[in-house]
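Summary of structural features
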Amino acid sequence: SQTIHQWPATLVQPVGSPLSLECTVEGTSNPNLYWYRQAAGRGLQLLFYSVGIGQISSEVPQNLSASRPQDRQFILSSKKLLLSDSGFYLCARRSQGVTTGGYTFGSGTRLTVV
Amino acid sequence: TQLLEQSPQFLSIQEGENLTVYCNSSSVFSSLQWYRQEPGEGPVLLVTVVTGGEVKKLKRLTFQFGDARKDSSLHITAAQPGDTGLYLCAGGSGNTPLVFGKGTRLSVIA
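In what follows, the accompanying structure is described. For clarity, every value in this text was computed on a predicted model and none was experimentally measured. (Residues numbered from 1 in each chain as written. Chains lettered and ligands numbered in written order. Predicted model: local features only at pLDDT ≥ 70, side-chain atom pairs only at ≥ 80, totals over all residues. Heavy atoms only, no water.)

Before going further, it helps to spend a moment on the sheet that holds strand β3 (residues 19–24) of chain B. Adjacent strands of a sheet form backbone hydrogen bonds with each other and so pair up, either parallel or antiparallel. Residue and element names in this part refer to chain B. Strand order in the open sheet formed by five strands is β1-β3-β8-β7-β6, and the pairing between neighbours is antiparallel. Here the strands that pair on one side only, and so sit at the sheet edges, are β1 (5–7) and β6 (55–58). On average, each strand axis in the sheet is inclined to that of its neighbour by 15°, with strand direction left out of account. Judged from the six bridges that link them, β3 and strand β8 (residues 71–76) form a sheet pairing that is antiparallel. From the neighbouring strand, L19 faces β8, where its bridge partner is I76. (Pairing = 2+ DSSP bridges. Helix = DSSP H or I, 4+ residues; strand = E, 2+ residues; numbered from the N terminus. Axes fitted to C-alpha atoms, helices over the stretch in contact; angles between N-to-C directions.)

Moving on, we get to the interface of chain A and chain B. Contact with chain A, which involves 22 residues of that partner, is made by 24 residues of chain B. Scanning the region where chain A abuts chain B turns up six residue pairs in polar contact (both at pLDDT 80 or more). Taken together, the elements giving at least two residues each to the side of chain A that touches chain B come down to β4 (32–38), β5 (44–52) and β9 (87–94) of chain A. Top contributing element to the side of chain A that touches chain B by residue count: β4 of chain A, with four residues. Of the residues assigned to the side of chain A that touches chain B, the class counts are nine nonpolar, eleven polar and two charged. (Contact = heavy atoms within 4.5 Å. Polar contact = N/O pair within 3.5 Å; in protein donor to acceptor, adjacent residues only side chain to side chain. Nonpolar A, V, L, I, M, F, W, Y, C, P; charged D, E, K, R; others polar.)

Moving on, we come to the state of the cysteines. One pass over the full model with this rule turns up two disulfides over all chains. One disulfide bridge connects C23 of chain A with C91 of chain A, the sulfur atoms lying 2.0 Å from each other. Given an S-S torsion of about -70°, the disulfide between C23 of chain A and C91 of chain A has left-handed geometry. You can see C23 of chain A sitting in strand β3 (residues 19–25) and its partner C91 of chain A sitting in strand β9, a full 68 residues away along the chain. Exposure remark for C23 of chain A: the relative accessible area of 0% places this residue in the buried category. On the basis of relative accessible area, C91 of chain A is assigned to the buried category, the value being 0%. Paired through a disulfide, C23 of chain B and C89 of chain B show a sulfur-sulfur distance of 2.0 Å. When the S-S torsion is 75°, as for the bridge of C23 of chain B with C89 of chain B, the disulfide is right-handed. (Disulfide = S-S within 2.5 Å. Buried < 20%, exposed > 50% of the residue type's maximum accessible area, 1.4 Å probe, protein only.)

Structure representation (structure tokens):
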């Protein structure tokens, strides 16, 4: 199984509030993990990816951060949300070493910042 | 920076019609993938192509990877309402994260 669990499914947060989105995966160990954001049902913007515990690569400098405290746990955080942080957040995984392998996505979190 | 351009952005057709959507880049990719996404859900992988000129078929869907591995097409024969969704192409090179196009939103009207 390569199931990905994301929660919550929907979230409405006021501007300036903190954020924590959690993603946990099942299946093979040491997967590559990714956080994407999708605006208005369009393309996916890569935010962060991780190839192992404690290893985070940031693609877009902004007020978001990510952490990987355990092999199968990937967390997206913010200390103070902005209106522009609204969007559909997706966690994805790919098996290590599978350079032509596809991603398995979670079901996403719809975040609305008000 | 590798970019993938998808066209058309929107497509609305009648049930039973054929259609083709395109995914183009100036960069060479070692693999290219197609995903379909339905509202409120994550994208689901349809196919991966890795060889230039490769053609793969999935029921009424035909995927082709360009000879130079810079472009791909998705052809749907006799579209059905169940084909409605956002189609995303994504290119990969080595172990770097996939690059996604902005998608083609397909609506098939019964």
